[in-house]
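# Commentary on secondary and tertiary structure
If you want the building blocks of each chain, they are given just below.
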Amino acid sequence: MNKKVKKVLFFSLISLTFLLHLAFSLSVSFSEFYTLKVAPFFRVSLSFISSLFPFSLFESLIIIFVIFFIVCLVSGIRCLIIKIAKTGGISYFKVYLKIVLYSLFFAVLIFTFSFESSYSRVPVFDNMELTDIEMSEENIALALDIVQENLEDLESQIDYKSSRATSHGMEFSSLAKEVLKCAKKANEKYTFLQKMPFPAKQLAFSTPLSYTGISGIYGYFTGEANINTNFAHYSIPFTMAHEYSHQMGIGPEKEAEFCAFLICMESDLAYVRYSAWSQVAVTLLNLLYEHNPDAFYERMANLPEYIMTDLYLSAKSFEKYSETYVDEIASAVNDVYLTLNGDDGVVSYSLSSKLYVSFLLKDKK
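Because the structure is predicted, anything quoted here is derived from the model rather than measured.

Our focus in this paragraph is the overall build of the chain. Helix and strand counts for the chain stand at 16 helices and 3 strands. Put simply, the chain has 365 residues, and 47% of those count as buried. In the chain, the share of contacts with a sequence separation of at least 24, taken over all contacts with a separation of at least 6, comes to 75%. Summed over its atoms, the accessible surface of the chain is roughly 19,200 Å², and 62% of this surface lies on carbon and sulfur atoms.

Once that is clear, we can look at the confidence of the model for the chain. Across the chain, the average pLDDT comes to 85, with 86% of residues at 70 or higher. Throughout residues 324-341 the model reports pLDDT below 50, and contacts reaching past four residues in sequence, or to other chains, amount to 23 contacts. Within the model, pLDDT remains below 50 along residues 345-349, and this stretch shows 14 contacts once partners closer than five positions in the same chain are excluded.

What follows concerns helix α2 (residues 28-37). All of the buried residues along α2 are Ser31, Glu32, Tyr34 and Thr35. Buried positions in α2, seen along its axis, are confined to an arc of 165° and lie on one side of it. Among the exposed residues of α2, those pointing more than 90 degrees away from its buried face are Ser29 and Lys37.

Taken together, the side chains of Lys3, Lys6, Lys7 and Lys98 define a basic patch exposed on the protein surface. The dominant element in the positive patch, judged by the number of residues it contributes, is helix α1 (residues 3-26), at 3 residues. Along the chain, the position of Lys7 falls in helix α1.

The next point concerns helix α11 (residues 253-264). Relative to the 16 Å expected for 12 residues at 1.5 Å per residue, α11 spans 16 Å between its end C-alpha atoms, a close match to the ideal helical length. Among the 12 residues that make up α11, 11 are buried, leaving the element largely enclosed by the rest of the structure. Along α11, the residues that are buried comprise Glu253, Glu255, Ala256, Glu257, Phe258, Cys259, Ala260, Phe261, Leu262, Ile263 and Cys264.

Criteria and cut-off values
- Residues numbered from 1 in each chain as written.
- Predicted model: local features only at pLDDT ≥ 70, side-chain atom pairs only at ≥ 80, totals over all residues.
- Heavy atoms only, no water.
- Helix = DSSP H or I, 4+ residues; strand = E, 2+ residues; numbered from the N terminus.
- Buried < 20%, exposed > 50% of the residue type's maximum accessible area, 1.4 Å probe, protein only.
- Contact = heavy atoms within 4.5 Å.
- Areas by Shrake-Rupley, 256 points an atom, 1.4 Å probe, with all protein chains shown as cover.
- pLDDT = per-residue confidence, 0-100.
- Arc of directions from axis to C-beta.
- Patch = residues over 30% accessible without salt bridge, like charges linked within 9 Å, V, L, I, M, F, W, Y side chains within 5 Å.
- Salt bridge = Lys/Arg side-chain N within 4 Å of Asp/Glu carboxyl O.
- Lys, Arg positive; Asp, Glu negative; His and termini not counted.
- Charge placed at Lys NZ, Arg CZ, Asp CG, Glu CD.
- Expected span 1.5 Å × (residues − 1).

Structure, rendered in structure tokens:
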């Protein structure tokens, strides 16, 4: 391929990327059509390629890119300090820089073609035809009554020993396939969720990643759902379902949280359903605290012992990871990423409470 053809191809891709971005920004209906009919081809194709590897391709590429970026940076500093331009040092640095810039360009390209429309499509709230319910203390309490009832019903089905955390008791691959099976059932019930045939992958560097507070990552440029297995067992099925939601065409975090709940509810395993109900409980309890701290503490005291133990031990084990500079930086980066994609920043996760309350009370209002 000669240079002229390369330039034409390069600028054509830039133009198409820009036009798609503009179309997504201007038209919700086009974004919905693209998400349902076009983007799945790219997401499934990427997922198929990455499924050929037994490890997380996303994690591997990130590590390679970071190492290469450091090499590029060190090379540039070396060129500037010892002035080896005459020996070709600057030329090598330009090659490194060009590779980094091309990598970033293709990352943006893949994001636009495979996932960007997911942030501007028809909201899940509208796709579910939910009624806009006031987020009053009364309605939050009514929703929590339903959550409490389900947690109490599950108590006898959960393998729990006093003062010890609960466990899903499954190999990671088996659990990933179980939650994927739930995602396929959810797709049959909620057609705005796309099919995704490949299970989640375990992150090899789960422990270091815990310092960032990240429990899971959807790698859009590999189409993989990646899970940090260093988190408490009770949270892992829900995290898997959350990342599957992204694979299935849901962009905003608040909607992925809610769709994770819908996915887990399709499971025949009590522990997977418990994982979802426990996350809903935490979200709504935090919201209740903002309205009435006394009511919050009263609710906490009435939670089943097994979930209280899980929450306490999980918080205790993660004390060493929290409030670190790494965690603050990761939170800031995540906040910027979400905001740039039309989300409400890290606060977006808590906004899933409106979806929970509206869904749980849809037959009571």
